[in-house]
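Observations on the model geometry
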Amino acid sequence: MGVQVFNPILGIGPIALGMLTAIASPEPARADIPGLWRPSEPEAVETDPFAAPAVPPLGEGRLYLPNPAPPSPPVFPKSAPKTRTFTIPARYYGAIVNRVYPKQGERVVALTFDDGPWPDTDRVLAVLRRHGVRATFFFLGQNLPRYPDIARRVVADGHAVGNHTWNHPYQALDGAAAAREIDETARHIAELTGTPLLIFRPPGGILDNGAVDYARRKNYVVVMWSIDTQDYQQPSAATLADRVLTQAHPGAIVLMHDGGGNRGRTVEALGTIIAGLKARGYRFVTVPELLEMDGE
């Protein structure tokens, strides 16, 4: 079975090895992309050099404006946790992916978490550990110096990690700014965890502000999602779980957040989501593993 997959070098063409929904960014995508990041800090930290300034409330939380540039990187310990080895099929380099069609419709789902590391990340890890589930975490660069031990625990538990920029920018970026956002985050993650970066998620799902163009030139797989919990709106845990369980499908990529605000309801819903999907015959994989499973 063939599928149209965008490749930045080869253009659009059929791929006979499987079916993968991929987006070639044909039109601007900003406010209409679900999952817009609207975090609410658990508490204000006025003197934190990594904290972004806040503007008046937007929706259920505050919109954070990015810092103009990453600060000088801190010195991290040389030791890093032992990491799992993840690979990405070369045909996905530079592709934009929001789901996979697994072989024979196998019931697999990839849970993903944005904006960590964060204090609530440890709570997410505890739930995943209890259920024996591996997930994918897209790290925000400016949080790495704040919570380095949490980032190490994510990797030590066998989860995949991805790049989510340094400052979570929404505004247009020139080439140098996009490089700084992505490369600084990648370097910090590599130094801190020993993990090479293969996947990228654009903040807010924005495809046309320069970050995605740069990431694709660097051969990242740009990972979007097919199920958006909209947990940034702080609905009840029951609502969050229902959004996943009613939309579940083989090859789904589920968007949640472990950082950027109080994620207590996401943590509360997570166990119900995992148990409900297992009861429906699903198992859980990381995004790199999911990409290896596209159907023939």
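Residues numbered from 1 in each chain as written. Predicted model: local features only at pLDDT ≥ 70, side-chain atom pairs only at ≥ 80, totals over all residues. Heavy atoms only, no water.

**Some remarks on the side chain of Arg-99**
Note the following rule: Runs of H or I in DSSP of at least four residues are treated as helices and runs of E of at least two as strands, each being numbered from the N terminus. For each residue, the accessible area found with a 1.4 Å probe, counting protein chains only, is set against the maximum for its type, and the residue is called buried under 20%, exposed over 50%, and partly exposed in between. Within this scheme the basic residues Lys and Arg register as positive and the acidic residues Asp and Glu register as negative, but His and the chain ends are omitted. One speaks of a salt bridge when a side-chain nitrogen belonging to Lys or Arg is within 4 Å of a carboxyl oxygen belonging to Asp or Glu. Within 3.5 Å is the distance limit for a polar contact, defined as a pair of N or O atoms, with the added protein rule that one can donate a hydrogen and the other accept it, and that residues adjacent in sequence qualify only through two side-chain atoms.
By secondary structure assignment, the location of Arg-99 is in strand E4 (residues 96-101). No salt bridge is formed by the buried Arg-99; its nearest oppositely charged neighbour, Asp-294, is found at 12 Å. Within the local environment of Arg-99, its side chain forms a polar contact with the backbone oxygen of Pro-250, the two atoms lying 2.9 Å apart.

**Details of the nonpolar core**
Condition: Put simply, a nonpolar core is a bunch of buried Ala, Val, Leu, Ile, Met, Phe, Trp, Tyr and Cys residues held in one set by side-chain atoms that sit within 4.5 Å of each other.
Core analysis: the largest hydrophobic core is formed by 71 residues, its most contacted members being Leu-111, Phe-113, Leu-128, Phe-137 and Leu-270. It is helix H3 (residues 175-193) that provides the largest number of residues to this core, a total of 7 residues.

**A look at the environment of Asp-183**
Here is the rule we go by: Residue contacts are counted whenever heavy atoms from the two residues lie within 4.5 Å of one another.
With respect to the secondary-structure elements, Asp-183 resides in helix H3. Taking the C-alpha atoms as reference points, Asp-183 and Tyr-214, 31 residues apart in sequence, are found 9.9 Å from one another. Apart from the residues within four sequence positions on either side, Asp-183 is in contact with Tyr-214 and Lys-218.

**Describing the environment of Gln-171**
Inspection of the secondary structure assignment puts Gln-171 in the loop between strand E7 (160-163) and H3. Among the residues examined, Gln-171 registers a relative accessible area of 40% and is labelled partly exposed. Considered as a pair, Gln-171 and Gly-210 are 39 residues apart in the sequence and their alpha carbons are 8.9 Å apart.

**Some thoughts on the packing of aromatic side chains**
The condition is simple: Here the aromatic set is Phe, Tyr and Trp, taking the six-membered ring for Trp, and pairing holds for ring centres within 6.5 Å; pairs whose planes are under 30 degrees apart are stacked, those over 60 apart are edge-to-face, and all others are tilted. In this analysis the charged atom, NZ for Lys or CZ for Arg, is taken to sit over a ring once it is within 6 Å of the ring centre and within 35 degrees of the ring normal.
Taken as a whole, this structure holds 3 aromatic pairs when the rule is applied. Consider the rings of Trp-118 and Tyr-147, whose centres lie 6.0 Å apart with planes at 65 degrees: the pair is edge-to-face. Linking Trp-118 in the loop between strand E5 (108-116) and helix H1 (119-131) with Tyr-147 in the loop between strand E6 (136-139) and helix H2 (148-156), this pair joins segments that are 29 residues apart in sequence. It is Arg-99 that lies over the ring of Tyr-101; its NZ or CZ is 4.0 Å from the centre.

**As for helix H6 (residues 264-279)**
Given 3.6 residues per helical turn, the α-helix brings residues three or four places apart onto the same face. Going by this rule: Each residue after the first adds 1.5 Å to the expected span of a helix. By definition, a residue's bend is the angle between the axes fitted to the seven residues ending there and the seven starting there.
Taking 1.5 Å per residue, 16 residues should reach 22 Å; H6 reaches 24 Å between its end C-alpha atoms and fits that length. A maximum bend of about 30 degrees is found in H6 at Leu-270. Within the span of H6, buried status applies to Gly-264, Thr-266, Val-267, Ala-269, Leu-270, Gly-271, Ile-273, Ile-274, Gly-276 and Leu-277. If you follow the buried residues of H6, they end up packed against E5, H1, helix H5 (237-247), strand E11 (252-257) and strand E12 (283-284). Just downstream of H6 lies Gly-281, where phi reads positive at about 90 degrees.

**Quick notes on the pattern of salt bridges**
According to the stated counting rule, one finds 9 salt bridges in the structure shown. In this structure, the salt-bridge partner of Asp-294 is Arg-91, at a minimum N-O distance of 2.9 Å. Of this pair, Asp-294 sits in the segment after helix H7 (287-291) while Arg-91 sits in the loop between strand E3 (19-22) and E4, placing them 203 residues apart in sequence. A network of salt bridges, in which partner residues are shared, links Glu-184, Arg-187 and Glu-191.

**Topic: the pairing of E11**
Rules: At least two DSSP bridges between two strands are required for those strands to pair. With strands facing away from the observer, any crossover in which the path from the first strand over the helix to the second runs clockwise is taken as right-handed.
Burial within E11 is extensive, with 6 of its 6 residues counted as buried. Burial along E11 is two-sided: the residues Ala-252, Val-254 and Met-256 and Ile-253, Leu-255 and His-257 are all buried. Pairing of E5 with E11, which is carried by 6 bridges, proceeds in the parallel orientation. By the bridge assignment, Asp-114 is partnered in E11 with His-257. Bridging between strand E10 (residues 227-228) and E11 involves 2 bridges; their strand directions are parallel. When the bridges of E11 are listed, Asp-228 appears paired with Leu-255. For the segment spanning E10, H5 and E11, crossover handedness is right-handed.

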